[in-house]
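# Geometric and topological summary
Chain by chain, the residues:
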Amino acid sequence: MTGADSPTDDPTGARADGGVAHEDTSEGHAFPPTSSLKRWFVTTNHKDIGILYLVTSLLFLVMGGVLALLMRAQLWVPRAPGTGPLSALAYNQAVSVHGLVMVFWFLSPFAFGFANYVVPLQIGAKDLAFPRLNALSYWLYLASGLLLGVSFFQGASFAGGWTMYAPLNLPTYTPSVGGSSAILALALFVVSVTVGSVNFLTTIHRMRAEGLTLRRLPLFTWTILLTVWMMLFAFAALLAALMILSADRLLGTTYFATEAANGSLLWTHLFWFFGHPEVYIVFFPAVGVMAETFQTFTGRRIVGRKWFIAAMVLVALQSFIVWMHHMFLTSINLQIKTLFMATTIGISLPFDLMVFALIYTMVKGRIRFKTPFLFSFGGLLLFIVGGITGVFLGAVVLDYEFRGTYWVVAHFHYVMVGGVTALVGGLYYWYPKITGRMYDEFLGKLHFATYFVGFNLLYFPMFVAWETPRRVFEYEAAMTPWHQLATVGAVVFGASFLIMFYNMIVSAYAGERAGDNPWEYSSTAEWAVASPPPLENFPGIPSYGDGSLRFRGASATSADGGTGEVTDGGVAADAHAADAHAADDHPSHASVWPLGVGVAAFLLFFGLSGLQGGAFAAGTVGTVYAVATGLGLVGTLAALVGMARERFRGPSGPFGESWPFAGVDNLKTGVWIFLASDVVLFGAFVGAYVFLRYSMGWTGWEPIPDNVTPGLINTYLLLTSSFAVVLALEAAERRSRLGVVASLVTTLILGVGFLGNKAIEWSHLFGEGIGLSTNLRASTFFLTTGLHAAHVITGLVIVAYMVPRAWRGAYLDDDGGESIELFGLYWHFVDIVWLFLFPLFYIL
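Residues numbered from 1 in each chain as written. Predicted model: local features only at pLDDT ≥ 70, side-chain atom pairs only at ≥ 80, totals over all residues. Heavy atoms only, no water.

### Focus on the overall build of the protein
The number of helices and strands found in the protein is 21 helices and 6 strands. Taken against the 2.2 N^0.38 rule, which gives 28 Å for 844 residues, the C-alpha radius of gyration of the protein at 27 Å falls within 12% of a compact globule. Taken over the C-alpha atoms alone, the protein extends approximately 80 × 75 × 55 Å along its principal axes. By the burial criterion, 59% of the 844 residues in the protein qualify as buried. Of the roughly 31,200 Å² of accessible surface on the protein, 69% is carried by carbon and sulfur atoms. Treating the 43 positive side-chain charges of the protein as one cloud and the 51 negative ones as another, the clouds have centres 4 Å apart. (Helix = DSSP H or I, 4+ residues; strand = E, 2+ residues; numbered from the N terminus. Rg over C-alpha atoms; globule rule 2.2 N^0.38 Å. Buried < 20%, exposed > 50% of the residue type's maximum accessible area, 1.4 Å probe, protein only. Areas by Shrake-Rupley, 256 points an atom, 1.4 Å probe, with all protein chains shown as cover. Lys, Arg positive; Asp, Glu negative; His and termini not counted. Charge placed at Lys NZ, Arg CZ, Asp CG, Glu CD.)

### Some points on the packing of aromatic side chains
Applying the stated criterion across every chain, the model contains 79 aromatic pairs. Ring geometry for F766 and F782: centres 5.3 Å apart, planes at 25°, overall stacked. One end of the pair, F766, is in helix α19 (residues 737-767); the other, F782, is in helix α20 (residues 776-807), with 16 residues separating them in the sequence. You can call F766 partly exposed: its relative accessible area is 41%. What makes F782 buried here is its relative accessible area of 2%. For the cation-ring pair, R39 lies above W40, with the distance from its terminal atom to the ring centre recorded as 5.8 Å. Taking the ring centre of W807 as reference, the NZ or CZ of R737 above it sits at 4.6 Å. (Phe/Tyr/Trp six-rings, centres within 6.5 Å; stacked < 30°, edge-to-face > 60°. Lys NZ or Arg CZ within 6 Å of the ring centre and 35° of its normal.)

### Quick notes on unusual backbone geometry
Along the chain, A166 connects to P167 via a cis peptide bond; the corresponding omega equals 5°. One can find P167 in the loop between α4 (131-150) and α5 (177-206). Omega for the peptide link from S531 to P532 comes to -5°, which places this bond in the cis form. Unlike most non-glycine residues, M164 shows phi in positive territory, near 55°. Within the secondary structure, M164 sits in the loop between α4 and α5. Even without a glycine there, the phi angle at E520 is positive, about 70°.

### A few points about a nonpolar patch on the surface
A cluster of nonpolar side chains, contributed by V690, Y694, W698, V708, L712, I843 and L844, occupies part of the molecular surface with about 670 Å² of accessible area. When you line up the elements, L712 lands in helix α18 (residues 709-733). What makes L712 partly exposed here is its relative accessible area of 47%. (Patch = residues over 30% accessible without salt bridge, like charges linked within 9 Å, V, L, I, M, F, W, Y side chains within 5 Å. Salt bridge = Lys/Arg side-chain N within 4 Å of Asp/Glu carboxyl O.)

### Observations concerning the packing of α5 against helix α6 (residues 219-250)
Angle between the axes and distance between the axes: these two values describe a pair of packed helices. It is at 8 Å that the axes of α5 and α6 come closest, and there the two elements cross at 150°. In terms of orientation, α5 and α6 fall into the roughly antiparallel class. Judged by the twist between their axes, the crossing of α5 over α6 is left-handed. Taken together, the residues of the contact of α5 with α6 break down into 23 nonpolar, 6 polar and 1 charged. (Axes fitted to C-alpha atoms, helices over the stretch in contact; angles between N-to-C directions. Parallel < 35°, antiparallel > 145°, perpendicular 65-115°, else oblique. Left-handed = near helix turned anticlockwise from the far one by under 90°. Nonpolar A, V, L, I, M, F, W, Y, C, P; charged D, E, K, R; others polar.)

### Some points on α4
Here α4 is 20 residues long and its end C-alpha atoms lie 29 Å apart, about the 28 Å a rise of 1.5 Å per residue gives. Across the 20 residues of α4, 15 count as buried, placing the element largely inside the fold. (Expected span 1.5 Å × (residues − 1).)

### Concerning the packing of helix α8 (residues 305-318) against helix α9 (residues 334-364)
Interaxial distance between α8 and α9 falls to 9 Å at its minimum, and their mutual angle equals 155°. By the criterion of interaxial angle, the relationship of α8 to α9 is roughly antiparallel. Pair α8 / α9 crosses with left-handed handedness. Along the contact surface, α8 presents W307, F308, A311, M312, L314, V315 and Q318, while α9 presents T343, G346, I347, P350, F351, L353, M354, A357 and L358. Class assignment of the residues belonging to the contact of α8 with α9 gives a composition of 13 nonpolar, 3 polar and no charged. (Contact = heavy atoms within 4.5 Å.)

### Examining the pattern of salt bridges
Taken as a whole, this structure holds 6 salt bridges when the rule is applied. The salt bridge involving D48 is made with R39; its shortest N-O contact spans 3.0 Å. The class of D48 is buried, set by a relative accessible area of 5%. A relative accessible area of 6% means that R39 is categorised as buried. E761 is the partner of K758 in a salt bridge, and the nearest nitrogen-oxygen pair spans 4.0 Å. You can see K758 and its partner E761 sitting in helix α19, 3 residues apart, about one turn around the helix. Relative accessible area serves as the criterion here: at 6%, E761 is assigned to the buried category.

### Structural notes on the side chain of H325
Its place among the elements puts H325 in the loop between α8 and α9. Excluding residues within four positions of it along the chain, H325 makes contact with H276, F340, T344, D399 and R403.

### Describing the nonpolar core
Generally speaking, a soluble globular protein has its nonpolar side chains buried in company with each other. Judged by nonpolar contacts, the single largest core of 260 residues is most densely connected at F104, W105, F235, F256, F308 and M312. It is helix α3 (residues 88-123) that provides the largest number of residues to this core, a total of 22 residues. Apart from residues lying up to four places away in sequence, F235 is in contact with F104, F189, V190, V193, M230, F274, E278 and I281. (Core = buried A, V, L, I, M, F, W, Y, C linked by side-chain atoms within 4.5 Å.)

### Some thoughts on the environment of G489
With respect to the secondary-structure elements, G489 resides in helix α14 (residues 480-510). Through-space distance from the C-alpha of G489 to that of G454 is 4.5 Å; in sequence the pair is 35 residues apart. Residues within four places of G489 in sequence aside, it is in contact with G454, L457 and L458.

### Comments concerning α19
For α19, built from 31 residues, the straight-helix expectation of 45 Å at 1.5 Å per residue is met to within 8% by its first-to-last C-alpha distance of 45 Å. Positive phi shows up at G769, right after α19, with a value of about 85°.

### Focus: the confidence of the model for the protein
Summing up the model confidence of the protein, the mean pLDDT is 88 and the portion of residues at 70 or higher is 91%. In this model residues 6-29 is a low-confidence stretch, pLDDT under 50, and it forms 70 contacts with partners more than four residues away in sequence or in other chains. (pLDDT = per-residue confidence, 0-100.)

### Here's the deal with the environment of G598
By the secondary structure assignment, G598 is in helix α15 (residues 593-608). The sequence separation of G598 and T524 amounts to 74 residues, and the corresponding C-alpha distance is 34 Å. The residues touching G598, leaving out its near neighbours within four places in the chain, are W139, L140 and A143.

### Digging into the environment of V830
Within the fold, V830 resides in helix α21 (residues 817-842). The spacing of V830 and A789 is 41 residues in sequence and 9.1 Å in space, taken between C-alpha atoms.

Shown next, in the form of structure tokens:
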């Protein structure tokens, strides 16, 4: 399928030996040499994207750390408003953006830098299933972070706290354009996360090597698999919340401004349905790093491995049913609070099992105190302290006392920075594999000592000074010594990272050369290839068919330069297997279009931040925002079309078990996974409607449209259009070009008819004085059906792209119907959603 990240197009001729590419320009996909700056703008290779994620996330760590140091400087002594290094508004911005940057732009991307680099190597894949989507995910992430930075120069960035509680998230209290930019930046980040989640899930389920079953997956890959499943659903709920909030700020809807309907409570439900799984989304990759390093540096397999995996699965499932313990101070009745207190205690039990498995692994093994192990062990200790102090917050009565104090600040950081600590251990652990050089062990241990001491000096005093209220810089004078001790700890903690950066940068150029397996006892597949790995990872097709790793179709020289078996860590490579795979020798590695989409998306979201009540302000500033919006919209569409038309060859697969997606190809798997997240998105919108309507009185809520006929007509149009897609698929199977074109054109006409009918209906309502901001009923109707209409427009853009291709006979070969089938899955989903929305908004 042309334009897809699939192996069906001609190879592009990119090959690297030892990381240096040899150009073949037959299809314009020559991969730039390693030293080329261009490489980093066009690369789609998972290892390069992993490095980009790691470097960028560390830059955001510096940004968040500087904001934290400014906050601690303000808290050196109790301040009166308007005194100290920061104004009241600047302090609120620092608190808010520090939280946003650390939770979103540093923690998860830092973990996914490792995931990008390591997971394909561990499962025996040449790359992620969709390399260009991987690059797109990174560029959208970078664009979102740049937009967050720009928000400081638009009057003021968001200053309502990182949890963005209503009504502080509304323009009444945070009126700046920069506040809207920060919210849109987070929405763009969520889009990046969704793209990445679909890619990783497809890869791990569909691209594993022969013999590598789910039960045998390395533990780090297991944690990433569970993390991306949680991300797929949790971030969809956050996206719904951010879209509604953006509509309230930019279009004038009244979801969160309506106190009679508990608008503020609605935000907390939507946010914490995402927010509590996010704790485990952040921490699970750290658990994976702990498991890998504990096994390597104790010289034994993790104790109770199958129970360790079962505990992680339980935590992932339970994480979605504990969100309300963040809401014990709200008006929710005591019975429901008690229920969620029980679920909170319940989720701690499988975590206890994981902690004891790690501890017992140390007890049973012989520990080598290398830097990666020290950070992993330190992370475990910090997490234990965070978990114990969190028990207090899980009890309703104690939560009334501690909520809103520095006890929560300290607990939260012990949990989250416990994860960061283990991930820093992961950076040291995989540093030799990524760079081919060893870091300085003395500096690594010095980094750990200053890091661990600085962190505990910073946050443990907060447990003592717990009565200090959060997010304010005024506190009792008696607390001053503890806050000053915390500020000293912050300086030490920040300085520890200077040691790390120096060690990493200098060692990358002057460090001792690392072997393929410098840790000796590492047994996962990334240690079976050179350091750093070659462009396409393996010398053949990896196979675990006989219980150990071998390469089918490998050349006579193994990954370490020898001539037979690679035996480091017990990993074997058969250099003389007979099963060649010439058809997949040269996948593509370069595409400029993901960068193009990222640049255009930045312009689009920057421009949208200038909306006020659905229109741009008059004058030069408003014109700048309007032009940016137009350029961004056109540029995004053009770049996506360019990506679709590009001839690109992705990696093939699967070669082994692909449960539960056996018999379903990668593209279809990706579409199904994306639609699963879309179900949660629409579910959150419908749930918000039901919550608000129930709060206002279900029976007194009359439908906004005064005539059900337009809704009935639209139902007929969409159902008929779905039938037309089915006819198009049948025509493709019969190789009838005219049938395919006629069916797709019919779908296009019916979809345009749906939008035209809806436009007439909306114009009629606007003429009667009913708009988005008229009342809550109108807000829910226009926004929810508008989201559905946006999905219809997306589908019509795809159909409009497919029609001329169908006229040229693009869908008449053996696999031609696949594209129509994939579009059909999306279009049928859109139609099914309408079947729920129609009775909800027109009849009930």
